[in-house]
Amino acid sequence: AEAKGAEAPIDMTIACLGASITRGQGTFDWISELSSRPQNRGFSFLNFGVGGDPAYAALRRLRPVVNAHPDVVLVALGWNDIVVLVFPNVRRYFEIWKRLPRQPSPEWFRESTEEIVYQINTQTLARIGLISLSQMGEDPESTDPVQHELNLRFAEYSRIIKQIADENGLGYIPFYEAMHDQIVSCPGKAFTCFRFLPMYRNAFRQY
């Protein structure tokens, strides 16, 4: 029997692969929140989030995730793939920062995500959960061209994530769907331009 006051043994390792939203720098640190909950004492959460990463960049650094021998891998990617697609000025910066060899596209995002799934499946025994995307901006019916395209892209990329999960028998966490319902019920401001200062701040924290 477990001694009173003793720590519960860790019996499951959960690797979280993603970008700044996973890293928790400048955003809500959901991994630390999960780790601190008493009901999760038996879980060890490993943070493999790197700010600014599109799916291709996360694929290139998959080896540490595999080497951790996780029981579960949660994949939260796609925000930066959309940002570099919608904002040309950001794309030029990311082409240098993340050494992107191709023009961003939904097809490339799908290919990179599918390769991540394939490598995790073939190199580990982990179960995989794919997380759909929270939106940028809070105006679901916006006529602003930037917010309108963001709305379309976040819906499109979240569908891709769900399709990959369904096709491969993976777990799926409907973050986009839950967030979208909240935005529709209580809309807010449109997202109309990308500001570099927060991104620079995250880059300095990272490096």
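Preceding this section is the structure that the text describes.
Figured I'd write up the structure that's included with this text. (Residues numbered from 1 in each chain as written. Predicted model: local features only at pLDDT ≥ 70, side-chain atom pairs only at ≥ 80, totals over all residues. Heavy atoms only, no water.)

## What to know about the pairing of strand E1 (residues 12-18)
Inference 1: In terms of burial, E1 is a largely internal element, six of the seven residues being buried.
Inference 2: Of the pairings in the sheet, the one linking E1 to strand E3 (residues 72-76) comprises five bridges and is parallel in character. Counterpart to glycine 18 in the pairing with E3 is alanine 76. (Buried < 20%, exposed > 50% of the residue type's maximum accessible area, 1.4 Å probe, protein only. Helix = DSSP H or I, 4+ residues; strand = E, 2+ residues; numbered from the N terminus. Pairing = 2+ DSSP bridges.)

## Considering empty space enclosed by the protein
To locate leftover empty space, one rolls a probe as large as a water molecule over the atoms.
Inference 1: This model, assessed by the stated rule, comprises two cavities of 30 Å³ or more.
Inference 2: Here the largest cavity defines a volume of roughly 50 Å³.
Inference 3: Class assignment for the residues of the lining of the largest cavity results in seven nonpolar, one polar and one charged.
Inference 4: There is about 30 Å³ of room inside the second largest cavity.
Inference 5: What lines the second largest cavity is Val75, Leu77, Phe109, Thr113, Leu130, Ile131 and Ile161.
Inference 6: For the lining of the second largest cavity, the secondary structure elements donating two or more residues are helix H7 (106-123) and strand E4 (127-131).
Inference 7: Grouping the amino acids of the lining of the second largest cavity by side-chain chemistry returns six nonpolar, one polar and no charged. (1 Å grid on protein atoms, 1.4 Å probe; cavity = no way out; pocket = protein on both sides within 12 Å on 5 of 7 lines; lining within 4 Å. Points joined across faces, edges and corners; volume = space filled by probe spheres on them. Nonpolar A, V, L, I, M, F, W, Y, C, P; charged D, E, K, R; others polar.)

## What about the packing of aromatic side chains?
Inference 1: Counting across every chain of the model gives six aromatic pairs.
Inference 2: Between tyrosine 56 and tryptophan 108, the ring centres sit 5.1 Å apart and the planes meet at 40°, which makes this aromatic pair tilted. Of this pair, tyrosine 56 sits in helix H3 (residues 55-60) while tryptophan 108 sits in helix H7; the two residues are 52 residues apart in sequence, bridging distant segments of the chain.
Inference 3: You can call tryptophan 108 buried: its relative accessible area is 8%.
Inference 4: The structure contains a cluster of three or more aromatic residues connected by ring pairs, namely Tyr93, Phe94 and Trp97.
Inference 5: Lying across the ring of tryptophan 97, lysine 98 places its NZ or CZ 4.4 Å from the centre. (Phe/Tyr/Trp six-rings, centres within 6.5 Å; stacked < 30°, edge-to-face > 60°. Lys NZ or Arg CZ within 6 Å of the ring centre and 35° of its normal.)

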